[in-house]
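A closer look at the structure
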Amino acid sequence: MFAAERRQLILEMVRANGAVSLRELARVVQTSEVTVRRDVRALEAEGLLDRRHGGAVLPGGFTRESGFPQKSHLATAEKTAIADLAASLVQEGEAIVVGAGTTTQELARRLARVPGLTVVTNSLLVAQALAHANRVEVVMTGGTLRGSNYALVGSGAEQSLQGLRVSRAFLSGSGLTAERGLSTSNMLSASVDRALVQAAAEVVVLADHSKLGTDTMFQTVPTDVITRLVTDEPPAHDERAATELQALADQGVQVVTAGPGPTGQGAGGDPVPAGRQPRRDVPLPGQRRGTAPQLRSATSLTEQPPGPERVRVADLRRR
């Protein structure tokens, strides 16, 4: 196959799929990854696609992931408001998982005041924020350290989450759309986030308005699995974010916006007092609408069936 034919086929694959790995491109065009990488570089120079780590994507359609130093200085006020509101959803004695990210790091700083809490995380920053909390137990996954966001990733992290069951997962990401849900730019991070989701009865996404309507390479949480979205109020001129919020709400995601005061607003303007959950009932992942949510303790999945009162979690013994 001539170079021009290869590059045309690569373009067609990227346009059809949005994002394609170098390995898959090499398999389809029947050449080496080195040659495909050279073709992708040439196509990027012409503005026809964008290179990503290990693949190629449509130009401008998928954002690159910023490093921690850059992300820590973006939307700081919004992240603080989101973290304050998200912390009000957590109650004494719960067991939760918290993913990596600058917004979840802000959340962790507030969780240090919740007594009897057990937090499972793959984030060194989350663990550091809770390290000196007297009545909070921190459980870290295994895995390989990813230095750009101080998170543990890989098969070790995923295997350490097998058999785990907690009440909620709090996750952030690089982008959120109603069509694909939460996404991130790194394949390893996405895989661990999916394992975190599998361990939780509810999934709470923390995302400021700048991430709404943004799509990135790897899907982590499909829209129909997201229970709640905690975000900030988009600016009046940001039609894209407002449209995406409405689309997410139409698909059953409970949208809770953090306001300037001590309480946030649930969908429809309902206040969310500190320490209480939003009043709108939202089905848990996999649950049919109209049925009562069933939270199961991480202590035992078989010995103690859920009762009418909130389950207190004593430890994280494996199933």
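Residues numbered from 1 in each chain as written. Predicted model: local features only at pLDDT ≥ 70, side-chain atom pairs only at ≥ 80, totals over all residues. Heavy atoms only, no water.

1. Points about the overall build of the chain
This is how it is decided: Secondary structure elements are defined from DSSP: runs of H or I of at least 4 residues count as helices, runs of E of at least 2 residues count as strands, and each element is numbered from the N terminus. Any pair of residues with heavy atoms lying within 4.5 Å of one another is described as a contacting pair. Using the Shrake-Rupley algorithm and a 1.4 Å probe, accessible areas are obtained, with residue cover drawn only from the displayed protein chains.
When helices and strands are counted, the chain shows 10 helices and 17 strands. Of the contacts made within the chain by residues no fewer than 6 positions apart, 63% connect residues no fewer than 24 positions apart. By element, 49% of the accessible surface of the chain is carried by carbon and sulfur atoms, the whole surface being about 15300 Å².

2. Side note on the pairing of strand S14 (residues 228–232)
The test is simple: Three labels apply to residues, based on accessible area from a 1.4 Å probe with only protein chains included: buried if under 20% of the type maximum, exposed if over 50%, partly exposed otherwise in between. Being paired, for any two strands, means DSSP has found at least two bridges between them.
Extensive coverage of S14 is indicated by the burial of 5 of its 5 residues. Side chains Arg-228, Val-230 and Asp-232 project from S14 onto one buried face, and the interleaved Leu-229 and Thr-231 project onto a second face that is buried too. Across 3 bridges, strand S12 (residues 200–206) lies against S14 in parallel orientation. Note that in S14 the partner of Val-205 across the bridge is Leu-229. Bridge count between S14 and strand S15 (residues 254–258): 5 bridges; the pairing is parallel.

3. Brief notes about the nonpolar core
Rules: Definition of nonpolar core: a set of buried residues of the types Ala, Val, Leu, Ile, Met, Phe, Trp, Tyr and Cys, connected through side-chain atoms within 4.5 Å.
With 31 residues, the main nonpolar core has Leu-176, Val-205, Leu-229 and Leu-248 as its most contacted residues. Elements represented by at least two residues in this core include exactly strand S4 (95–98), strand S9 (166–171), helix H9 (187–198), S12 and helix H10 (239–250). Among the elements that take part in this core, H9 stands out by supplying 4 residues, more than any other. Not counting the four nearest positions on each side in its chain, Val-205 is found in contact with Leu-171, Leu-176, Leu-182, Ile-226, Arg-228, Leu-229 and Val-230. Counting 26 residues, the second-largest nonpolar core is a separate cluster that includes Ile-82, Ile-96, Val-98 and Val-136.

4. As for the side chain of Thr-216
Here is the rule we go by: Distance and chemistry together define a polar contact, namely a pair of N or O atoms within 3.5 Å, with one atom able to donate a hydrogen and the other to accept it when in protein, and with adjacent residues in sequence counting only for side-chain atoms on both sides.
When you line up the elements, Thr-216 lands in the loop between S12 and strand S13 (218–221). Of the residues examined, Thr-216 reaches a relative accessible area of 0% and is grouped as buried. At a separation of 3.0 Å, a polar atom in the side chain of Thr-216 contacts the main-chain amide nitrogen of Thr-184.

5. Some thoughts on the side chain of Thr-103
Counting through the fold element by element, Thr-103 comes out in helix H6 (residues 102–111). Beyond its immediate chain neighbours, meaning those up to four positions away, Thr-103 contacts Lys-79, Ile-82, Ala-83, Ser-172, Leu-206 and Lys-211.

6. Comments concerning helix H2 (residues 22–29)
The criterion, for reference: Taken from the helix axis, the directions to the C-beta atoms give the arc we talk about.
All of the buried residues along H2 are Leu-22, Leu-25, Ala-26 and Val-29. Down the axis of H2, the buried side of the element spans an arc of 100 degrees, and every buried residue falls inside it. Set apart from the buried face of H2 by more than 90 degrees, the exposed residues are Arg-23 and Arg-27. Looking one or two residues beyond H2, the residue adopting positive phi is Gln-30, at roughly 60 degrees.

7. Description of H9
Quick note on the threshold: Expected helix span is computed as 1.5 Å times (number of residues minus one).
Across its 12 residues, H9 extends 17 Å between first and last C-alpha, which sits within 8% of the 16 Å expected from 1.5 Å per residue. Buried within H9 are the following residues: Ser-189, Ala-190, Val-192, Asp-193, Ala-195, Leu-196 and Val-197. The N-cap residue of H9 is Asn-186: its side-chain oxygen and the backbone nitrogen of Leu-188 are 3.0 Å apart.

8. Describing the pattern of salt bridges
The cut-off we apply is this: What makes a salt bridge here is a side-chain nitrogen of Lys or Arg within 4 Å of a carboxyl oxygen of Asp or Glu, nothing more.
Following the criterion strictly, the structure yields 11 salt bridges and no others. For Asp-84, the salt bridge is made with Arg-110, and the minimal N-O distance between the two is 2.4 Å. Of the two residues, Asp-84 sits in helix H5 (residues 76–87) while Arg-110 sits in helix H6, which places them 26 residues apart along the sequence. Under the relative-accessibility criterion, Asp-84 is labelled partly exposed at 42%.

9. Quick notes on the packing of H5 against H6
Rules: Where helices are involved, their axes are fitted lines through C-alpha atoms of the stretch in contact, as for all axes, and angles between N-to-C directions lie from 0 to 180°. Each angle gets one of four labels, with under 35 degrees taken as roughly parallel, over 145 as roughly antiparallel, 65 to 115 as roughly perpendicular, and the rest as oblique. By convention, the crossing between two helices is left-handed when the near helix turns anticlockwise from the far helix through less than a right angle, and right-handed when the turn is clockwise. For this classification, Asp, Glu, Lys and Arg are treated as charged, while Ala, Val, Leu, Ile, Met, Phe, Trp, Tyr, Cys and Pro are nonpolar and the rest, including Gly, are polar.
Relative to each other, H5 and H6 sit at 50 degrees, their axes nearing to 8 Å. Our classification of the angle between H5 and H6 gives oblique. Seen from above, H5 lies across H6 with right-handed handedness. From H5, Lys-79, Thr-80, Ile-82, Ala-83, Asp-84, Ala-86 and Ala-87 reach across to H6, where they touch Thr-102, Thr-103, Glu-106, Leu-107, Arg-110 and Leu-111. Grouping the constituent residues of the contact of H5 with H6 by class yields 6 nonpolar, 3 polar and 4 charged.

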